[in-house]
Amino acid sequence: MSHLSINNLSKTYPNGVKALDNVSIELENGMFGLLGPNGAGKSSLMRTIATLQDADTGSVTLDDINIFTQPEELRKVLGYLPQEFGVYPRISAEQLLNHLAILKGFTNGKERKEMVKYLLDKVNLYDKRNKSVKGFSGGMKQRVGIAQALIGNPKLIIVDEPTAGLDPSERNRFYNLLADVGKEVIVILSTHIVDDVRELCTKMAIMDQGQIVYQGAPQESLDELKGMVYQKIVSRDSLEEYAVNYSIISNKMVGGQPVIHILSETDPGNGFEQVRPNLEDVFFSKINTANTLV
Ligand code: ADP
C-alpha cells in the first residue's frame, strides 16, 4: 500500500494568478477523483505532483520519497497521462511503446519486448500493434496513453482530463481499464466531468479557485445533502426571480425547459419537490458558481 501526502501546497504564477492555495490531500491505493471547474487549478496540481513544475510553498511525499528534493526517484515510480499527450507520431503502437520504454531506462531488449506485449494486451490493442498510432480513434489513443503510463510498474498514476473527446462506448472501455489499474496503485483522475468520478472513484476532492473545498467519499458527500435538494421546472423568464429568492445549485435544460435544483433546509413549498441528491448537486453546492447559473 502506497501513501501520497500533499501538504499545504501554494503556487502563484508570475501573472499573479494563485492557482494553488494551501492544498492538502492524503491518498492511498485506489481511484481518487479530483473534480473542479475549468481554471480551478487541477492541472497545476497534477503537474506539480508529476514534478513538471514547482510550488512556492508546501511539500509532497510518496511513501519515503520527497518529490521536490528527489524528483528523479518520483519519476521512476510515476505514470503520467497528461491532458494533451502530444503529437502522435506515424509509427506503430508497438514501436512507440518500445521507444518510450527505452527512454524510461528499460535497456534489456527481451524484457522490454515482453513488457510492451503485456501492456498492449492489457489495453486491448495487441491486435492493432502494427498500426500507426496517428490513425487511431480518440479512445484508442487514450489507451496507448494509459499503456505508456503503466511502463515500469508505477506506484502512482496521474490522469488529467482523460475522457474529453471520447464517445460513450470508448469512455466505458477506458473507465473499465482505469478501474482495473486502480486496484493496485494510486490513481489520481483529474476531471471536470462529474460522471467520471461517480462511476470510478471511492474517494474524491473538489477543487475551486485553487482551494480544496471538499474531501471525502462520494457517498458521504451525498449523505450530507440528504433531504436538502429540491427541484422545479420553471419558465425561462422567471429564472432570474428564482435566483434572487432561492439558493440555486444547478440549472439544466430538460426537453427545452429549465429544471432548477435548489438547496434548502426546510420545505420551500411553491411547487418544489424534494429529490435525491446527486453528485452534480454536491459539485455545484461546493463551488462558487451560483452567480453564473442564470
Ligand atoms: P484546471 O486544470 O483546473 O483547468 P489550471 O491549473 O490549468 O486549472 O489553471 C488554474 C489557473 O491558473 C487558471 O486561472 C489558469 O489560467 C492559470 N494558469 C495555468 N497555468 C498557468 C501559467 N503557466 N501561467 C499563468 N497562469 C496559469
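Shown above is the structure to which this text applies.
Calculation criteria
Residues numbered from 1 in each chain as written. Predicted model: local features only at pLDDT ≥ 70, side-chain atom pairs only at ≥ 80, totals over all residues. Heavy atoms only, no water. Pairing = 2+ DSSP bridges. Helix = DSSP H or I, 4+ residues; strand = E, 2+ residues; numbered from the N terminus. Axes fitted to C-alpha atoms, helices over the stretch in contact; angles between N-to-C directions. Contact = heavy atoms within 4.5 Å. Polar contact = N/O pair within 3.5 Å; in protein donor to acceptor, adjacent residues only side chain to side chain. Near = heavy atom within 4 Å. Nonpolar A, V, L, I, M, F, W, Y, C, P; charged D, E, K, R; others polar. Phe/Tyr/Trp six-rings, centres within 6.5 Å; stacked < 30°, edge-to-face > 60°. Buried < 20%, exposed > 50% of the residue type's maximum accessible area, 1.4 Å probe, protein only. Expected span 1.5 Å × (residues − 1). Arc of directions from axis to C-beta.

Caption draft 1: Quick look at the sheet that holds strand β3 (residues 30–35). If you trace the six strands from one edge of the open sheet to the other, you get β6-β7-β8-β3-β9-β10, paired in mixed fashion. With one partner strand each, in any of the chains shown, β6 (78–81) and β10 (211–216) form the two edges of the open sheet. Put simply, the sheet's adjacent strands are angled 15° from each other on average, direction ignored. Together, β6 and β7 (156–160) form the strand contacts of helix α5 (residues 138–149), whose direction differs from that of β6 by roughly 165°. Helix α10 (residues 279–286) contacts β3, β9 (203–208) and β10 of the sheet and is inclined by roughly 35° relative to β9.

Caption draft 2: Spotlight on the side chain of K11. Secondary-structure assignment places K11 in strand β1 (residues 3–12). Within polar-contact distance, the side chain of K11 engages the side chain of D54 at 3.3 Å. For K11, the residues in contact, after removing those within four places along its chain, are V17, K18, A19, L20, Q53, D54, A55 and D56.

Caption draft 3: Region of the structure containing the sheet that holds strand β13 (residues 257–263). Taken in spatial order, the four strands line up as β12-β13-β11-β14 in an open sheet, and their pairing is antiparallel. Each end of this open sheet is capped by a strand with a single partner; those strands are β12 (248–254) and β14 (273–274). Sitting on the sheet, α10 is in contact with β11 (229–233), β12 and β13, with an inclination near 130° to β12.

Caption draft 4: Broad picture of the site of the ligand. Around the ligand, the structure places 13 residues, and the nearest of them are G39, G41, K42, S43 and S44. G39 is positioned such that a nitrogen or oxygen atom in its backbone is 2.6 Å from an oxygen atom of the ligand. Between S43 and the ligand, the recorded distance is 2.8 Å, taken from a backbone N or O atom to an oxygen atom. The leading source of residues in the shell around the ligand is helix α1 (residues 42–49), at four residues. Class assignment of the residues belonging to the shell around the ligand gives a composition of five nonpolar, six polar and two charged.

Caption draft 5: Molecular detail of the packing of aromatic side chains. In total, this model carries four aromatic pairs according to the counting rule given. Taking the centre distance of 6.0 Å and the plane angle of 80° together, the rings of Y242 and F272 count as edge-to-face. Of this pair, Y242 sits in helix α9 (residues 239–245) while F272 sits in the loop between β13 and β14, placing them 30 residues apart in sequence. By the burial criterion, Y242 is buried, and F272 matches it.

Caption draft 6: Here's a closer look at helix α4 (residues 109–122). Taking 1.5 Å per residue as the helical rise, α4 with its 14 residues ought to reach 20 Å, and the 20 Å between its terminal C-alpha atoms agrees with that figure. For α4, every residue scored as buried is listed here: R112, M115, V116, L119 and L120. For α4, the angular spread of buried residues about the axis comes to 135°, placing them on one side. Relative to its buried face, α4 has exposed residues pointing more than 90 degrees away, namely K110, K113 and E114. In this structure, the buried residues of α4 make contact with α3 (93–103) and α5.

Shape descriptors only; they carry no functional weight alone.
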